[in-house]
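Working through the structure, step by step
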Amino acid sequence: MAKKYYELTPDERLAFLNLADHVKAELHDQQSINNEQIIENYISDFRVPMGMLKAIIIDAHQVNVPMAIEEPSVIAAANNGAKLLNSGGGVVVDMPERTAMIGQIMFNGGNFDTLDQFVRTHQKELFEIAKQTKPSIYKRGGGLVAIKTRKISEDETSIDFKIDTKDAMGANIVNTILEAEVSLFAEFDKQILGAILTNYATAQLVTVSGNVNFAALGGREVAEKIVALSRFSKNDPYRATTENKGLFNGIGAVVLATGNDWRAVEASGHAYASQDGHYRSLTRWTIRGEQLHGELTLPISVGTVGGVISAMDQAKNVLDIVKPKSADELRGIILAVGLAQNLAALKAIAAGGIQRGHMRMQYRALALQVGASPKELPMLVSKLKTMSQVDATKATEILLEMRK
Ligand code: NDP
């Protein structure tokens with residue numbers, strides 16, 4: 001009997017795609033036995049460039065942070081922002097004493113008061129079920145921390161389980177515990193919609209802050225413009241979206257490099273950005289004395305173990321560079337990079353336009369796009385830098401000229 005598609009080997013799947021031999025060979029060369037085990041219908045790895053944020057001071061320690069991202073200029077900007085924050089003493093991290101994931105059992109058509117009463121009278125059993133279901137997380141000092149009944153609407157209720165998952169991101173741990181908890185709600189069976197973690201990680205709210213002297217920014221005027229831009233992005237969702245995108249350039253690059261779930265971090269961040277019903281930027285910049293002061297608060301779920309982190313050598317290697325002692329420490333590091341990234345972007349806008357610096361970095365990508373070889377690249381890039389208007393047609397023209 002013919003194999004089902006998901007039963008084929010990666011090369012057998014490639015054979016289906018009617019590819020030129022060199023494309024097939026390249027995809028084959030980038031296969032890894034390890035990653036084939038991680039996702040379904042695997043054909044090849046998809047590489048993303050990784051570069052360094054060299055030295056950001058966080059809670060008085062210098063940290064080197066790899067960033068995985070395809071967008072030119074992000075890493076240069078992160079280094080620039082980190083230098084500015086370092087000159088003001090570095091980033092300070094503030095977080096709850098105990099961070100935790102939240103899981104929901106969702107009810108429809110039920111009565112909030114009845115469910116709330118049920119949860120109050122069955123606390124002991126609910127805590128016991130969690131302990132029986134995942135004893136290993138209790139051995140590590142984690143486990144169920146609190147249960148809360150939350151009214152969503154007249155006929156919708158959520159029972160929220162706050163679970164400390166220690167150094168794991170915890171999605172699977174939470175879902176496993178929730179599925180066991182559901183058994184206690186047998187009498188409400190018809191009203192149960194389902195049970196799953198929430199990615200809105202409000203029990204993992206972390207704040208990072210830092211200062212920059214006016215002189216390092218190029219004067220008080222630049223600082224004041226940054227403050228005005230920050231206020232603007234609190235009020236205008238168009239500006240806020242772009243500002244938060246820039247922030248996630250830094251955050252997402254570290255989340256990805258450490259093998260964490262960037263979709264979870266982004267979803268949580270955007271939900272927090274609209275917590276009062278209006279989408280706003282996530283950072284705040286103000287003037288404090290003779291310094292610019294920046295703050296970023298974000299709910300962030302990441303781990304240093306579990307998920308695919310422990311299965312992917314590339315993530316383990318990155319964690320070996322960063323050396324976070326815990327998932328909580330990693331949360332602070334990721335947000336510190338975000339704050340540096342945001343500062344660099346705001347400074348570039350405030351001090352005369354972001355496109356100039358951005359385009360300089362884009363030239364390399366453009367040179368590659370028009371077919372420059374590694375040998376031709378430096379000369380083409382330096383020629384492009386001298387031009388006031390640059391596009392693919394112009395770059396091709398110069399490249400052909402160079403080859404004459
Ligand atoms: P795991 O299921 O791998 O759980 C982590 C495991 O790591 C624990 O069970 C624990 O096993 C082990 N561990 C070792 N050391 C520690 C430590 N110090 N602290 C805590 N645990 C430790 O992963 P997660 O539960 O973290 O789930 C994350 C994955 O789930 C991600 O890949 C994510 O993409 C995915 N996911 C995300 C969803 C979402 O975001 N909506 C939904 C579903 C999945 P033990 O104690 O037994 O040794």
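As recorded in an unreviewed UniProt entry, the protein goes by the name 3-hydroxy-3-methylglutaryl coenzyme A reductase, listed as coming from Leuconostoc aquikimchii. Regarding the protein, the relevant UniProt record gives this comment under Sequence similarities (unreviewed entry): "Belongs to the HMG-CoA reductase family." Under the heading Catalytic activity (unreviewed entry), UniProt records this for the protein: "(R)-mevalonate + 2 NAD(+) + CoA = (3S)-3-hydroxy-3-methylglutaryl-CoA + 2 NADH + 2 H(+)".

Taking 1.5 Å of rise per residue, 16 residues should cover 22 Å, and helix α10 (residues 220–235) covers 23 Å from first to last C-alpha, within 8% of that figure. Along α10, the positions that sit buried rather than exposed are Val222, Ala223, Ile226, Leu229, Ser230 and Ser233. Buried residues along α10 cover an arc of 120 degrees about the axis, so they all sit on one side. In α10, the exposed positions that point more than 90 degrees away from the buried face belong to Glu221 and Arg231.

With respect to the helices, strands and loops of the structure, His28 is situated in helix α2 (residues 21–29). If we ignore the near neighbours within four places in the chain, the residues touching His28 are Asp11 and Leu14. Among the polar contacts listed, one links the side chain of His28 to the side chain of Asp11, at a separation of 2.9 Å.

Here the focus is the packing of helix α5 (residues 112–121) against helix α6 (residues 123–133). Two numbers describe how α5 lies on α6: the axes approach to 4 Å, and their chain directions differ by 70 degrees. In this view, α5 runs roughly perpendicular relative to α6, as classed from their interaxial angle. Along the contact surface, α5 presents Val119, Arg120 and Thr121, while α6 presents Gln123, Glu125 and Leu126. In terms of residue class, the contact of α5 with α6 is built from two nonpolar, two polar and two charged.

Another aspect to go through is the layout of surface pockets. Rolled over the atoms, a probe sized like a water molecule indicates the empty space that remains. Of the volumes computed, that of the largest pocket is approximately 1,400 Å³. Forming the boundary of the largest pocket are 42 residues, of which Leu256, Gly259, Asn260, Trp262 and Met312 lie nearest the centre. Of all elements in the fold, only α8 (171–181), α11 (237–257), α12 (262–273) and α13 (313–322) reach the threshold of two or more residues within the lining of the largest pocket. With seven residues, α11 is the largest single contributor of residues to the lining of the largest pocket. Counted by class, the lining of the largest pocket contains 23 nonpolar, twelve polar and seven charged residues.

Further remarks concern the sheet that holds strand β3 (residues 92–94). As summarised here, the arrangement of the four strands in space is β3-β8-β10-β9, forming an open sheet in which the pairing is antiparallel. At either margin of the open sheet sits one strand with a lone partner, and together these are β3 and β9 (283–288). Pairs of neighbouring strands in the sheet enclose a mean axial angle of 20 degrees, with direction left out of account. Bridge count for β9 against strand β10 (residues 291–299) is six bridges, and the pairing is antiparallel. Counted as the bridge partner of Thr283 is Leu296 from β10.

Counting residues in hydrophobic clusters, the biggest one holds 61 residues, and the most contacted among them are Ile56, Met67, Leu217, Ile226, Ile251 and Leu343. In terms of residue count, the dominant contributor to this core is helix α14 (residues 327–350) (eleven residues). Once you skip the residues sitting within four places of it in the chain, Ile226 turns out to touch Leu217, Trp285, Leu292, Leu343, Leu346, Lys347 and Ala350. With 26 residues, the next largest nonpolar core counts Leu144, Met169, Phe188 and Ala264 among its residues.

Before going further, it helps to spend a moment on a nonpolar patch on the surface. A cluster of nonpolar residues, Phe46, Val48, Leu256 and Trp262, forms a patch on the protein surface that exposes about 410 Å² of accessible area. Relative to the assigned elements, Phe46 resides in the loop between α3 (33–36) and β1 (50–58). Take Phe46: its relative accessible area is 75%, and that puts it in the exposed class.

The ligand sits among 20 residues. The nearest are Ser136, Arg140, Gly170, Asp261 and Gly307. Note that an oxygen atom of the ligand is positioned 2.7 Å from one of the side-chain N or O atoms of Arg140. Measuring from an oxygen atom of the ligand, one finds a backbone N or O atom of Ile173 at 3.1 Å. In isolation the ligand exposes 930 Å². Once the protein is present, 70% of that is buried. When residues of the shell around the ligand are traced back to their parent elements, those giving at least two are α7 (135–139) and α8.

About the cut-offs
- Residues numbered from 1 in each chain as written.
- Predicted model: local features only at pLDDT ≥ 70, side-chain atom pairs only at ≥ 80, totals over all residues.
- Heavy atoms only, no water.
- UniProt positions renumbered as here; feature names shortened; annotations may be inferred.
- Helix = DSSP H or I, 4+ residues; strand = E, 2+ residues; numbered from the N terminus.
- Expected span 1.5 Å × (residues − 1).
- Buried < 20%, exposed > 50% of the residue type's maximum accessible area, 1.4 Å probe, protein only.
- Arc of directions from axis to C-beta.
- Contact = heavy atoms within 4.5 Å.
- Polar contact = N/O pair within 3.5 Å; in protein donor to acceptor, adjacent residues only side chain to side chain.
- Axes fitted to C-alpha atoms, helices over the stretch in contact; angles between N-to-C directions.
- Parallel < 35°, antiparallel > 145°, perpendicular 65-115°, else oblique.
- Nonpolar A, V, L, I, M, F, W, Y, C, P; charged D, E, K, R; others polar.
- 1 Å grid on protein atoms, 1.4 Å probe; cavity = no way out; pocket = protein on both sides within 12 Å on 5 of 7 lines; lining within 4 Å.
- Points joined across faces, edges and corners; volume = space filled by probe spheres on them.
- Pairing = 2+ DSSP bridges.
- Core = buried A, V, L, I, M, F, W, Y, C linked by side-chain atoms within 4.5 Å.
- Patch = residues over 30% accessible without salt bridge, like charges linked within 9 Å, V, L, I, M, F, W, Y side chains within 5 Å.
- Areas by Shrake-Rupley, 256 points an atom, 1.4 Å probe, with all protein chains shown as cover.
- Salt bridge = Lys/Arg side-chain N within 4 Å of Asp/Glu carboxyl O.
- Near = heavy atom within 4 Å.

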